[in-house]
Structure formats: structure tokens, C-alpha cells
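Listed below, chain by chain, are the residues.
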Amino acid sequence: MWISVVYLWMINVLTLLTFGWDKARAKRRRRRVPERKLLWLAALGGSPAALLGPWIFQHKTRKRGFTMRLLGIVLAQSAAVYLVISGNLFGLD
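## Details of the overall build of the protein chain
Stage number 1. In terms of regular secondary structure, the protein chain is built from three helices and zero strands.
Stage number 2. Counting only C-alpha atoms, the protein chain reaches 55 × 30 × 20 Å along its principal axes.
Stage number 3. Looking at the protein chain as a whole, 29% of its 93 residues are labelled buried.
Stage number 4. Pairs at least 24 apart in sequence give 72% of the contacts found in the protein chain among residues at least 6 apart.
Stage number 5. Accessible area for the protein chain stands at about 7,200 Å²; split by element, carbon and sulfur atoms hold 68% of it.

Have a look at this one:
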């Protein structure tokens, strides 16, 4: 259990730092972090930070395609967590 909690903290910190790094690179007109990597970080458990990152850094807020894919990841993860918690993952009642 603790390993899961530590993992989620670490992936969320890494995701938030990556969003900040990408924003700093964008301001300096440097090579950016690919959106695919940002979405992978969200899919690997960093979705809370991926939702906060654009809000904190005012970054990727106008990218509708990115936002829609991110919301899809969050909805899929939310559904998976719900199914696991409710015990309906394998149709067991």
C-alpha cells in the first residue's frame, strides 16, 4: 500500500515539474516537452498534477486536443478506480 502512495506522490511531482519545465522552455523559445510525454505521465498516475499544471503555469490552456485527451485519461482512470473500489471490476457482486 505504501509503495502505491509513494509512487503516486512521485509521479505527480514529476508531472507537475515537467509541466513547469515545458512552460519555462516555451517562454525561452527552446525545444519543448512533447505533448505525448505529458499525456503519458498523466496516464501513469500523474493525472491530478496534469490537471493542476495548466492551471498553475497557465500552460496548454488553449490546446483543445490536448485537453480532451487529458480528460479522457482522467475519466478512464476514475472509472477504473470506481470499479476496483466497488468490487464490480470482474462482475462480482
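## Here we look at the pattern of salt bridges
Stage number 1. Scanning all chains against the criterion turns up five salt bridges.
Stage number 2. A salt bridge links E35 to K60, with the nearest nitrogen and oxygen atoms 3.3 Å apart. Of this pair, E35 sits in helix α2 (residues 35-57) while K60 sits in the loop between α2 and α3 (64-86), and the two are 25 residues apart along the sequence.
Stage number 3. Relative accessible area serves as the criterion here: at 10%, K60 is assigned to the buried category.
Stage number 4. Here R69 ties to E35 by a salt bridge, and the two come within 3.3 Å at their closest N and O atoms. On the criterion of sequence distance, the pair formed by R69 in helix α3 and E35 in helix α2 is long-range, its members being 34 residues apart.
Stage number 5. We classify R69 as partly exposed; its relative accessible area is 43%.
Stage number 6. Overlapping salt bridges, with partners in common, bring together D22, R32, E35, K60, K63 and R69 in one network.

## Section: the nonpolar core
Stage number 1. Core analysis: the largest hydrophobic core is formed by ten residues, namely F19, V33, L38, L39, A42, A50, F66, L70, I73 and V74.
Stage number 2. Those elements that place two or more of their residues in this core are α2 and α3.
Stage number 3. If we ignore the near neighbours within four places in the chain, the residues touching I73 are L39, A42 and A43.

## Here we look at the packing of aromatic side chains
Stage number 1. In the structure shown here, the tally under the stated rule is one aromatic pair.
Stage number 2. In this structure, K60 is placed above the aromatic ring of F66, and the distance from its NZ or CZ to the ring centre is 5.8 Å.

Reading the values: rules and limits
Within any chain, residue numbers begin from 1 and follow the written order of that chain's sequence. Only residues with pLDDT of at least 70 are given local features in this predicted model, and only at 80 or more are side-chain atom pairs given and counted; all residues enter the totals for whole chains, interfaces and linings. In computing side-chain values, all of the structure's heavy atoms are included and hydrogens and water are not. The numbering of helices and of strands both runs from the N terminus, where a helix is a DSSP run of H or I of at least 4 residues and a strand a run of E of at least 2. To sort residues, take the accessible area from a 1.4 Å probe on protein chains only and compare it with the maximum for the residue type: under 20% means buried, over 50% means exposed, and anything in between is partly exposed. We call two residues in contact when some of their heavy atoms are within 4.5 Å. For the accessible areas, the method is Shrake-Rupley and the probe is 1.4 Å, while residue cover comes only from the protein chains on display. Salt bridges are counted wherever a side-chain nitrogen of Lys or Arg sits within 4 Å of a carboxyl oxygen of Asp or Glu. As used here, the term nonpolar core means buried Ala, Val, Leu, Ile, Met, Phe, Trp, Tyr and Cys residues forming a set that is joined through side-chain atoms within 4.5 Å. Stacked, tilted and edge-to-face are the three classes applied to pairs of Phe, Tyr and Trp rings, where Trp contributes its six-membered ring and a pair requires centres within 6.5 Å; stacked means planes under 30 degrees apart, edge-to-face means over 60, and tilted covers the rest. Whether a charge lies above a ring is judged from NZ of Lys or CZ of Arg, which has to be within 6 Å of the ring centre and within 35 degrees of the ring normal.

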